[in-house]
Amino acid sequence: MLDIINVHKTFNPGTINEKVALAGVDLHLNAGDFCTIIGGNGAGKSTALNAVAGVWPVDNGSIIIDGENVTGVPEYKRAAYLGRVFQDPMTGTAATMGIVENLALAARRGSKRGLCWGVTKAEKERYCEVLKTLDLGLEDRMTAKVGLLSGGQRQALTLLMATLRKPKLLLLDEHTAALDPKTAEKVLRTTDKIIAEQQLTAMMVTHNMKDAIAHGNRLIMMHEGKVILDISGEDKMKLTVPDLLHQFELVSGEEFANDKVILA
Amino acid sequence: MSYLASLNSMNLIGSLPGNIAQGLIWGLMALGVYITFRLLDFADLTVDGSFATGGAVTVVLILHGWSAPAALLVAILAGLAAGLITGLLHTLLGIPPILAGILTQIALYSINLNIMGMANLAVSVDNYSLLISLRKVTAAILVTLIFAAVIIMILYWYFGTEQGSSIRATGCNPAMSKAQGININFTKVLALSLSNGLVALSGGLMAQYQGFSDINMGRGAIVIGLAAVIIGEVLGEAIFRKRLNFFGRLTFVVAGGVIYYIIVGVVLWLKLPSNDLKLFTAVIVAIFLAVPYLKAKSRTSFAKAAKKGAQNNA
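Residues numbered from 1 in each chain as written. Chains lettered and ligands numbered in written order. Predicted model: local features only at pLDDT ≥ 70, side-chain atom pairs only at ≥ 80, totals over all residues.

J.: Any chance you could break down the overall build of chain A for me, citing the residues and the numbers?
T.: Helix and strand counts for chain A stand at 10 helices and 10 strands. Against the compact-globule benchmark of 18 Å for 264 residues, chain A has a radius of gyration of 19 Å, which places it among compact chains. Dimensions along the principal axes, computed over C-alpha positions, put chain A at roughly 60 × 40 × 35 Å. Across the 264 residues in chain A, those meeting the buried criterion constitute 45%. (Helix = DSSP H or I, 4+ residues; strand = E, 2+ residues; numbered from the N terminus. Rg over C-alpha atoms; globule rule 2.2 N^0.38 Å. Buried ≥ 20, exposed ≤ 12 C-beta atoms within 10 Å, placed from the backbone.)

Here it is in structure tokens:
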């Protein structure tokens, strides 16, 4: 479903702030893979996701989604294939627009936006049903402005928007990092449920090793802009946090430098 | 005493219809400002130029024998083009919004001079059939009211469509818009064009109303437009005591233009020097901009928090 082939990206090349973010990333995801991505700060996890989303052009290498080479396709066109949820709950939704309006915008991802009415009646009924599945009571506040919702509600809504039209690939960029543990847990459960129901292919960046182990069928670890560890199937199911730390030290030859991950 | 005696309330009432007519025309212009300033979150200074462009195109075409509606239609197209230029300067060349607008505005000054061939061009209602004129103020009010009603309905419809929604999303959250497949460069250019088309239309109406177009007729248009938008919003919310819906907002923006011109009328009636009119405008806009902020602040402020804390500890 996704092929990342030898992708390189350097920010601010030739300046004092030069930063090699991706140094030849290779990754192949099968259809239905739910892949968690962990790594220390600056390992290139979010950058890899942004490369797939097309936030900027990559320096080298190619990105292929479901057989189509999208390396030269701009972000707004690539969006047709992708569902995205961001770390900041503010990023994924339009605060001054209503819940229904946000869903309607997402439902038209990848299609032409013409002069038809922005939200049809049939749509509203459908959205009411989907909102019920979140179990947050949002179905009773369909016209409320999204800016009035809590961070957790906004992330749940963004998740719904990302999957309202089945994406070829779901990109979750630390989407629970800004939430309190209880809300994070709830959003993660919703994530699991939606991915399982729609049989989505997904990538989830997380700082939390336990979450990375508990979710998905595959786990990759990134370090200095490269994939250094790729565990799937049986091995992934047996994985524990100390295993992972040990593996990291073996492969990278250094200690895992991220307090957030260890403490989590 | 003699100053008060010299103020004749009949004069104020007499000038009211004229102020209302002018206010309605500027209210239409303010709807254009509303599209960019509020919906797109883009302070577009092109309008100072495109307002005059609308006037210049309309008057020149009417003098060449075109009918007034046809001339207005071309004026709208000229405004669309002006907005297009600002949009392209911003999206293709990466020029910041305010600067892109200023560049188009200054370029339009020369273009407007070229269109008119001189700085001021008269078109008399005696010799040409105009849609509105200050000689028939009541009719002018009616015609501009119809214009306002139709345009408000069109805008209400348009910004409810898929395309209009994508413009609103762009103004609210560009990152989200891109993630939802919206080409935000396209929506920005589209909104800027529509806005300036509307501004040029009101420029064309103003030129007919006053019977001439002038190279400086758009000077300060952005401030008047902002004044109308903000006065309308503040008053609308004060009257209804809640956030207005979109239709109410559009209506109050036009009303804001009228109220602004009535205030100007009062200022002139008080015999304050007309040279200071722009100064008064700036003060009015500053006051109305400050009101929502100060109101929010009066509810919670550090000074209040300190006072309360002191009381509780006492």
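J.: Can you tell me about the overall build of chain B, naming the residues and giving the values?
T.: Scanning chain B from terminus to terminus reveals 13 helices and 2 strands. On C-alpha atoms alone, chain B measures out to a radius of gyration of 21 Å, which is about the 20 Å that the 2.2 N^0.38 rule sets for 314 residues. Each principal axis of the C-alpha atoms in chain B carries an extent, and together these give about 80 × 65 × 30 Å. Scored against the burial criterion, the 314 residues of chain B give a buried share of 48%. Long-range pairs, those at least 24 residues apart, make up 80% of the contacts in chain B between residues at least 6 apart in sequence. (Contact = placed C-beta atoms within 7 Å.)

J.: Explain the nonpolar core to me, and be specific about the residues and the numbers.
T.: Core analysis: the largest hydrophobic core is formed by 85 residues, its most contacted members being L28, A30, L31 and A227 of chain B. By residue number, the principal contributor to this core is helix α2 (residues 9-39) of chain B, which donates 14 residues. Aside from chain neighbours lying at most four places away, what touches L31 of chain B is I151, L155, L198, L250, V253 and V254 of chain B. One finds Y76, A162 and M222 of chain A together with I184 of chain B within the second-largest nonpolar core, a separate group that totals 80 residues. (Core = buried A, V, L, I, M, F, W, Y, C linked by C-beta atoms within 7 Å.)

J.: I'd like a description of the sheet that holds strand β4 (residues 60-65) of chain A, backed by residues and values.
T.: Residues and elements named next belong to chain A. With antiparallel pairing, 4 strands are arranged side by side in an open sheet as β2-β1-β4-β5. Looking along the sheet, the strands with just one partner apiece sit at the ends: β2 (19-29) and β5 (68-69). Two strands pair when backbone bridges link them, and strand β1 (residues 2-11) and β4 are joined in this way by 5 bridges, in the antiparallel orientation. In the sheet register, D3 faces β4, and the bridge partner there is I64. (Pairing = 2+ DSSP bridges.)

J.: Account for unusual backbone geometry, with residues named and values stated.
T.: Residue and element names in this part refer to chain A. Despite not being glycine, N6 shows a phi value in the positive range, around 50°. Residue placement: N6 occurs in strand β1. Within the chain, E174 stands out as a residue other than glycine whose phi angle is a positive 50°. For E174, a count of 19 C-beta atoms within 10 Å corresponds to the partly exposed category.

J.: How would you summarise the interface of chain B and chain A if you had to cite specific residues and measurements?
T.: Counting residues at the interface gives 19 residues for chain B, matched by 25 residues for chain A. Put simply, the parts of the chain that give the side of chain B that touches chain A at least two residues each are α7 (162-172) and α8 (174-179) of chain B. With 8 residues, α7 of chain B is the single largest residue contributor to the side of chain B that touches chain A.

J.: Report on the confidence of the model for chain B, specifying residues and quantitative values.
T.: On average, residues of chain B score 92 in pLDDT, and 99% of them reach the 70 mark or higher. Prediction confidence for the complex, expressed as pTM and ipTM, is 0.91 and 0.91 respectively. (pLDDT = per-residue confidence, 0-100.)

J.: How would you explain the pairing of strand β3 (residues 34-39) of chain A if you had to name every residue and give the values?
T.: All names here are of chain A. For β3, the tally of buried residues reaches 6 of 6 residues, placing the bulk of the element in the interior. Along β3, one buried face is formed by F34, T36 and I38 and the opposite face, lined by C35, I37 and G39, is buried too. Relative to strand β8 (residues 202-205), β3 runs parallel, the two being bridged by 4 bridges. Along β8, the bridge assignment pairs F34 with A202. Both β3 and strand β9 (residues 218-223) contribute to a ladder of 5 bridges, which runs parallel. By the bridge assignment for β9, T36 is matched with L219.

J.: Could you give an account of the sheet that holds β9 of chain A, with specific residues and numbers?
T.: Residues and elements named next belong to chain A. Read across the sheet, 6 strands follow the order β6-β7-β8-β3-β9-β10 without closing on themselves; strand pairing throughout is mixed. Two strands close off the open sheet at either side, each with one partner strand: β6 (82-85) and β10 (226-232). When the angles between neighbouring strand axes are averaged without regard to direction, this sheet yields 20°. Pairing between strand β7 (residues 169-173) and β8: 4 bridges, direction parallel. Counted as the bridge partner of L172 is M204 from β8. (Axes fitted to C-alpha atoms, helices over the stretch in contact; angles between N-to-C directions.)

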